[in-house]
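Breakdown of the fold
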Amino acid sequence: MQDLSIFNPASPPAEAIRALFVLVLAVTGGIFVLVEGVLIYSIIRFRRQPPGAMEPAQVYGSMPIEIAWTATPFLIVFVLALILTRTEYEVRVDPNTPPPGSRPLYVTVIGHQWWWEYVYDKYDGQDLGVITANELHVPASEEGVARPVYLTLKSADVAHSFWVPRLAGKTDLIPGRTNQMWFQTKDRGLFLGQCAEFCGTQHAHMLLRVNVDSSDEFQRWLEDQKRPAVDEAAARAGRDVFLSQTCVNCHRIRGTSAAGTYAPDLTHLMSRQTLASGAVPNTQEQLRKWLIDPQRIKEGCLMPAFGLSAEQVDQLANYLGTLK
Ligand code: CUA
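The structure contained in this document is the topic of the report that follows. Just so it is clear, the structure is predicted and the values come from calculations on it, not from any experiment. Throughout, a residue's number is its position along its own chain's written sequence, starting from 1. Only residues with pLDDT of at least 70 get local features here, since the model is predicted, and only at 80 or more are side-chain atom pairs given and counted; chain-wide, interface and lining totals rely on the full set of residues. In computing side-chain properties, one takes all heavy atoms of the structure into account and sets aside hydrogens as well as water.

All right, on to the nonpolar core then. Tyr120, Leu136, Leu151 and Phe162 are the most contacted members of the largest nonpolar core, which has 34 residues in total. Those elements that place two or more of their residues in this core are strand S1 (105-112), strand S2 (115-123), strand S3 (126-133), strand S4 (135-139), strand S5 (149-155), strand S8 (179-183), strand S10 (207-213) and helix H3 (215-226). A total of four residues in this core trace back to one element, the largest contributor, which is S2. Any pair of residues with heavy atoms lying within 4.5 Å of one another is described as a contacting pair. Here Leu151 is in contact with Val107, Val109, Leu136, Phe162, Asn179, Gln180, Met181 and Phe183, once residues within four sequence places are set aside. If you look at the next biggest cluster of nonpolar residues, it comprises 26 residues, including Phe242, Ile253, Met303 and Leu320. To qualify as a nonpolar core, a set must consist of buried Ala, Val, Leu, Ile, Met, Phe, Trp, Tyr and Cys residues joined through side-chain atoms within 4.5 Å. With a 1.4 Å probe rolled over the protein chains alone, any residue whose accessible area is under 20% of its type maximum counts as buried; one over 50% counts as exposed, and the rest are partly exposed. To qualify as a helix, a DSSP run of H or I must reach at least 4 residues; to qualify as a strand, a run of E must reach at least 2; elements of each kind are numbered from the N terminus.

As structure tokens, then:
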């Protein structure tokens, strides 16, 4: 079971959010215990007395008490607002001024119903222009070498929200608006997340996978992604099916005439571990099921069943399987 807990942060923004959460919980928890304690004490101490017992002292309109219980909550809220502001500064850094000596990665994330598009803009000062979908790869920081990841968030349709709890807080992807977020981690491995803003029927299947690679692994992955799609003679039949069907209106395969931008880039489909934004593992069997009827795997998704013949499904699955 993957750890999705905000209490196990692996990146500075997530750490700042945990610290804020724990502090606010301690302060409000203290107030809760105090108020409920006085309440329970009063219920017991001043419960109904037999007739003729003395009435407790009445303190209505006491100036010192009125001032105390106006000023104290004001001070508490004021201090919490200051701490919140400091957290905001830690979480919202300016992507244009990365720490000196760091090797920043810039990726534009575009939310679609119901998948994620990643456009790799720049790494360590070099322009990239690599496009992939659903599975983000980023380099890990090391002792002495910070590799902050700056995300520019946009939406192609409705509001989505990028949330990988161990890396950073939620940030919305809003149509017509550009948001920023960042994270940085030394922990290699897979970090999971989820679209955190209801965006339609398949919102729950808009999963996030962030692979934090060593810097060498990341570099190799980047070089692979830069290449156009492989063109194996044995898979030509499937390639022809792909290019003659409406697949090309929505999907892009670099190195072919397929240049659609409405659906995930498939140039290196086989470098991904899942299909349909994390809905199912990326196996030949699932790929075939997806080609036969995507609605069986992801009901309501924007890819229709094309009524392909069994032979076409075989050829297409064979071709897509070569897109390493
Ligand atoms: Cu995208 Cu919910």
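Here we take up the pairing of S5. The buried count for S5 comes to six of seven residues, which makes it a mostly enclosed element. The criterion for strand pairing is that DSSP finds at least two bridges linking the strands in question. When S1 meets S5, the two strands line up parallel, connected through seven bridges. Residue pairing across strands places Ile110 opposite Lys154, the latter belonging to S5. Of the strand pairs in this sheet, S5 and S8 are connected by five bridges, and their pairing is antiparallel. Its bridge partner being in S8, Leu153 is matched across the sheet by Asn179.

The pairing test for Phe, Tyr and Trp rings, Trp by its six-membered ring, is centres within 6.5 Å, and the orientation test on the planes gives stacked under 30 degrees, edge-to-face over 60, and tilted for anything in between. Scanning all chains against the criterion turns up eleven aromatic pairs. Taken together through their ring pairs, the aromatic side chains of Tyr120, Tyr123, Phe218 and Trp221 make up a single cluster. We count a charge as sitting over a ring when the NZ of a lysine or the CZ of an arginine lies within 6 Å of the ring centre and within 35 degrees of the ring normal. The residue whose ring lies beneath Lys170 is Trp163, and the NZ or CZ to ring-centre distance is 4.5 Å.

It is possible for side chains of opposite charge to pair when their charged atoms get near one another. Salt bridge, as used here, is a side-chain nitrogen of Lys or Arg placed within 4 Å of a carboxyl oxygen of Asp or Glu. Inspection of every chain in the model, using the stated rule, returns 15 salt bridges. Put simply, Arg92 and Glu88 hold a salt bridge, and the shortest N to O gap is 2.8 Å. Note on Glu88: relative accessible area 36%, which makes it partly exposed. We note a salt bridge from Arg166 to Asp187, for which the minimum N-O separation is 4.0 Å. Within this pair, whereas Arg166 is found in the loop between strand S6 (160-162) and strand S7 (171-173), its partner Asp187 is found in the loop between S8 and strand S9 (189-194), the two being separated by 21 residues in sequence. Through salt bridges with shared partners, one network takes in Asp231, Arg236 and Arg239.

Strands sit in the order S3-S2-S1-S5-S8 across an open sheet of five strands; the sheet is mixed. Single-partner strands in this sheet number two, and they are S3 and S8. Taking each pair of neighbouring strands and ignoring which way they run, the sheet shows an average axis angle of 20°. Contacts from H3 reach S1, S2 and S3 within the one sheet, and its direction differs from that of S3 by about 75°. Every axis corresponds to a line fitted to the C-alpha atoms, with the helix fit spanning only the stretch in contact, and the corresponding angles, defined between N-to-C directions, vary from 0 to 180 degrees.

Function-wise, these values are silent; they only describe arrangement.
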